[in-house]
Amino acid sequence: METTGSIKLIIESKLENVPLIGGAVRGIASALSLDDVSGYHLELCVVEAVTNVTKHAYKLEAGNSVELNILLFPDRITFQVCDRGKSLDPAKVRLLRFDPQKREMLPESGMGLFIMHALMDEVYYETESGLNVLTMSKYLRR
Amino acid sequence: MQLHQNKMGDVLIVRPLERRIDAATATEFKEKMSEWIGAGNRRIVLNLSEVDFIDSSGLGAIVSSLKKIGNDGDLVICSVKETVMSLFRLTRMNRVFDILPSEEEAIGALSRRL
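Rules used throughout
- Residues numbered from 1 in each chain as written.
- Chains lettered and ligands numbered in written order.
- Predicted model: local features only at pLDDT ≥ 70, side-chain atom pairs only at ≥ 80, totals over all residues.
- Heavy atoms only, no water.
- Pairing = 2+ DSSP bridges.
- Helix = DSSP H or I, 4+ residues; strand = E, 2+ residues; numbered from the N terminus.
- Contact = heavy atoms within 4.5 Å.
- Buried area = accessible area lost by both parts, 1.4 Å probe.
- Salt bridge = Lys/Arg side-chain N within 4 Å of Asp/Glu carboxyl O.
- Polar contact = N/O pair within 3.5 Å; in protein donor to acceptor, adjacent residues only side chain to side chain.
- Expected span 1.5 Å × (residues − 1).
- Buried < 20%, exposed > 50% of the residue type's maximum accessible area, 1.4 Å probe, protein only.
- Arc of directions from axis to C-beta.
- Axes fitted to C-alpha atoms, helices over the stretch in contact; angles between N-to-C directions.
- Left-handed = near helix turned anticlockwise from the far one by under 90°.
- Nonpolar A, V, L, I, M, F, W, Y, C, P; charged D, E, K, R; others polar.

Visitor: Before we go on, may I ask you to explain the sheet that holds strand β6 (residues 74-78) of chain B in this structure?
Guide: Strand-to-strand pairing in sheets goes through backbone hydrogen bonds, with the strands running parallel or antiparallel. Residues and elements named next belong to chain B. Read from one edge to the other, the open sheet built from five strands follows the order β1-β2-β4-β6-β7, with strand pairing classed as mixed. Taken across any chain shown, the strands that pair with only one partner, and hence form the sheet edges, are β1 (3-8) and β7 (99-100). Both β6 and β7 contribute to a ladder of two bridges, which runs parallel. Bridge pairing links Ile77 to Ile99 in β7.

This is the structure we're talking about:
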């Protein structure tokens with residue numbers, strides 16, 4: 001299926017740049033007439049992915065590029081987050097399991113991948129020739 | 001990150017004055033909360049009325065504050081927007097924190113406790 005539109009955004013790998021990407025995604029969600037919670041969910045997933053790249057692939061080292069491709073199809077929106085840093089270990093995707101009564105055991109990290117998998121309809125990750133690409137798609141109900 | 005704080009009795013009320021608690025601001029949020037908890041504040045209301053975006057780093061910082069308080073105090077959250085509430089539900093953190101509609105109700109809930 002052919003895209004009906006696409007946007008490419010590139011930021012330098014700094015955490016303070018991540019909200020710029022988030023704002024762009026929220027703007028696109030608004031243009032698609034998505035409700036506030038659905039728009040927040042798209043922004044959240046992209047922010048989690050770009051933050052992961054900045055923190056883990058590039059280890060908070062500035063001066064690297066994080067690229068986001070936003071592809072709009074008639075039935076879905078797809079986000080591709082691309083980097084040339086350290087590849088993700090797919091085994092790190094885990095369920096969010098905890099006992100709400102055991103305060104000392106509550107998770108403080110490791111929730112980002114869970115959130116992406118829970119909110120998006122498709123999530124996959126591939127590395128080719130040093131380029132890591134995380135692809136996430138959400139089907140749109142019109 | 002700007003955090004407004006005031007005390008009502010022995011309850012500390014913290015209200016972030018920014019729209020986002022994310023990876024860029026979570027460390028500072030956690031450090032300020034840790035400082036106030038270290039100074040003896042064990043009953044805290046977190047008023048999220050200004051916040052419309054929290055990511056997993058921000059949520060982790062709030063959880064960290066609760067853990068720092070330990071079992072002889074509590075952190076109650078209030079005035080949560082629907083967007084942010086959806087994250088608490090998704091991650092089941094709505095079963096960890098008491099989340100109340102208003103600051104008055106949150107203060108009341110903490111005052112009746114302990």
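That was the structure; now back to the text.
Visitor: Which parts of the structure should I look at to understand the interface of chain B and chain A?
Guide: By a widespread convention, an interface's size corresponds to the accessible area lost as its parts come together. Taken together, the contact between chain B and chain A spans 33 residues of the former and 30 residues of the latter. Surface buried jointly by chain B and chain A totals about 2600 Å² across both partners, of which 61% is contributed by carbon and sulfur atoms. Linking chain B with chain A are four salt bridges, by the criterion used here. Across the pair Asp74 of chain B and Arg103 of chain A runs a salt bridge, and its minimum N-O distance is 3.1 Å. Here chain B and chain A share twelve residue pairs in polar contact (both at pLDDT 80 or more) between them. Here the element with the most residues in the side of chain B that touches chain A is helix α2 (residues 56-69) of chain B; it accounts for eight residues.

Visitor: Explain helix α1 (residues 26-38) of chain B to me, please; I cannot follow it from the model alone.
Guide: Note that an α-helix has 3.6 residues per turn; residues three or four places apart therefore point the same way. Residues and elements named next belong to chain B. Here α1 contains 13 residues, and its C-alpha end-to-end distance of 18 Å stays within 8% of the 18 Å for a straight helix at 1.5 Å per residue. Buried within α1 are the following residues: Ala26, Phe29, Met33, Trp36 and Ile37. Within α1, the buried residues cover an arc of 100° as seen down the axis, which keeps them to one side. Turned more than 90 degrees off the buried face of α1, the exposed positions are Glu31, Glu35 and Gly38. On the buried face of α1, the contacting elements are β1, β2 (11-16), β3 (20-21), β4 (43-47), α2 and β6. Of the residues one or two after α1, Gly40 is the one with positive phi, at around 110°.

Visitor: Where do I start with unusual backbone geometry in this structure?
Guide: Across residues other than glycine, the phi torsion is negative in most instances, and most of the peptide bonds are trans. Residue and element names in this part refer to chain A. You will see that Ser129, though not glycine, has its phi angle at about 50°, which is positive. Tracing the sequence through the fold places Ser129 in the loop between β4 (122-128) and β5 (131-139). Its relative accessible area of 68% is what places Ser129 among the exposed residues.

Visitor: Would you mind showing me how to read the packing of helix α2 (residues 36-57) of chain A against helix α3 (residues 112-119) of chain A here?
Guide: Residue and element names in this part refer to chain A. One way to put it is that α2 packs onto α3 with a least axis distance of 9 Å and a crossing angle of 145°. α3 is crossed by α2, and the crossing has left-handed handedness. Of the residues in α3, those touching α2 at His41, Leu44, Cys45, Glu48, Ala49 and Asn52 are Gly112, Leu113, Ile115, Met116 and Leu119. Residue composition of the contact of α2 with α3, by class: seven nonpolar, three polar and one charged.

So yeah, pure geometry; function would need other evidence.
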